[in-house]
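Secondary and tertiary structure notes
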Amino acid sequence: MKRYLFPGLMALLVMALAACGTSTTESNETDDDSLTVYTTVFPLKSFTEQIGGDAVSVETIYPNGADIHTYEPTQKDMLEYAEGDLFIYTADDLDPVSQKIRGAVEDHTVFFPAADGIPEEAFEHNHAHEEGEEGHEDENDHESEEGHEDHGHENGTDPHIWLDPNLSIEMASAIKDQLVEMDSDNASDYTENFEALEEELTDIDAELASITEAPLRDTVYISHESIGYLADRYHFEQVGISGLNNQEPSQQELTQIIEDIEAKEIPYILYEQNITSKITDTIREETNTEPLEFHNLSVLNDEDDPEATYQSIMQDNIEVLDRVLNE
């Protein structure tokens, strides 16, 4: 479906195409019956592809392996987003990069926050704040039982909402409704595809509930604070080595983490696919814990199957969590 650019972006686009030796006419030779959709994190891409089927063309804005906390789109990227029909993100407070993109191209594509309909209390598992930061403290702010102070994301909110399959169902439902609104001719297909996806996400919820029903241990150590929604939903505790924005622990916190791991005889520590952490390496070496990979699903890596779905990656995560909690 064709979109029109404002003059500044159009001029840049023409220059970019000229440099590549490609005419504007040639660049528009796409299937005008399909919706061009850009998303932020990978789960939104996966849900949109599964719901939309052949009626949508979907791309995530993040390159493989990107850190979503620090990623900045280029001017060329902005041009591409302006050519799209729909831009899907989680919510303004959860997805700060979307605000920058929206400020540049919102007159030329539809911006849709898939998590906007989720009640605020769903985000209340995280009462984190950076040390000395003002404006986010409340009576629930505290240091964890391990003595490791939580660190905050922007606005003190954990962005990894998609790791809770129940909240993912709500976002997928919202995406389905948005696609139906924009393309009613394919409404029945969108609805049928969503129902199949919903069933699989419900199964994932049941599997997670099963492995956390009576665990041998109740604490998971991970390279950074990404599994708060899972911990809240399924009643275990996460200890993130680094904060939501990858803030490193103080020396006192680091010492406390090592002491706690040794005291509890924790056998595993989780690493994420797009987060490198020398501090986590240090803790692993000091405690002789075994590293396991947990995929936070924010972005894919080059090593991931390009045909991977949210469900396939979460199945691997379930096996890892089961091992950490029950072996």
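Structural data are supplied above this passage.
These numbers come from a predicted model, not from an experiment. (Residues numbered from 1 in each chain as written. Predicted model: local features only at pLDDT ≥ 70, side-chain atom pairs only at ≥ 80, totals over all residues. Heavy atoms only, no water.)

Considering the packing of helix α3 (residues 42-52) against helix α11 (residues 310-326)
Stated precisely, the cut-off is as follows: Note on method: axes are straight lines fitted to C-alpha atoms, helices fitted across the in-contact stretch only, with angles between N-to-C directions ranging 0 to 180 degrees. Numbering goes from the N terminus for both helices and strands, where a helix is a DSSP run of H or I of at least four residues and a strand is a run of E of at least two. Small angles under 35 degrees read as roughly parallel and large ones over 145 as roughly antiparallel, with 65 to 115 read as roughly perpendicular and the rest as oblique. Throughout, a residue-residue contact means that at least one pair of heavy atoms, one from each residue, lies within 4.5 Å. Gly is put with the polar residues, along with every residue not named as nonpolar or charged; the nonpolar set is Ala, Val, Leu, Ile, Met, Phe, Trp, Tyr, Cys and Pro, and the charged set is Asp, Glu, Lys and Arg.
Across the interface, α3 lies against α11 with an axial gap of 9 Å and an inter-helix angle of 130 degrees. It follows from the interaxial angle that α3 and α11 lie oblique. Contacts from Phe42, Pro43, Ser46, Phe47 and Gln50 of α3 reach α11 at Tyr310, Gln311 and Ile313. By residue class, the composition of the contact of α3 with α11 is 5 nonpolar, 3 polar and no charged.

Some words on helix α9 (residues 251-264)
Here is the rule: Expected span of a helix, by definition, is 1.5 Å for each gap between consecutive residues, and there is one gap fewer than residues. Categorising residues by exposure relies on relative accessible area from a 1.4 Å probe, with only protein chains included: less than 20% of the type maximum marks a residue as buried, more than 50% marks it as exposed, and the intermediate range marks it as partly exposed. The directions from the helix axis to the C-beta atoms form the arc being described.
Taking 1.5 Å as the rise per residue, α9 with 14 residues should run 20 Å; its terminal C-alpha atoms sit 20 Å apart, in good agreement. Among the residues of α9, those classed as buried are Glu253, Leu254, Ile257, Ile258, Asp260 and Ile261. Down the axis, α9 shows its buried residues gathered within 165 degrees of arc, on one side only. Turned more than 90 degrees away from the buried face of α9 sit Gln251, Gln252 and Ala263, all of them exposed. If you follow the buried residues of α9, they end up packed against β5 (219-224), β6 (237-242) and α10 (278-287). Note on α9: the residue one or two positions beyond its end, Glu265, has a positive phi of about 55 degrees.

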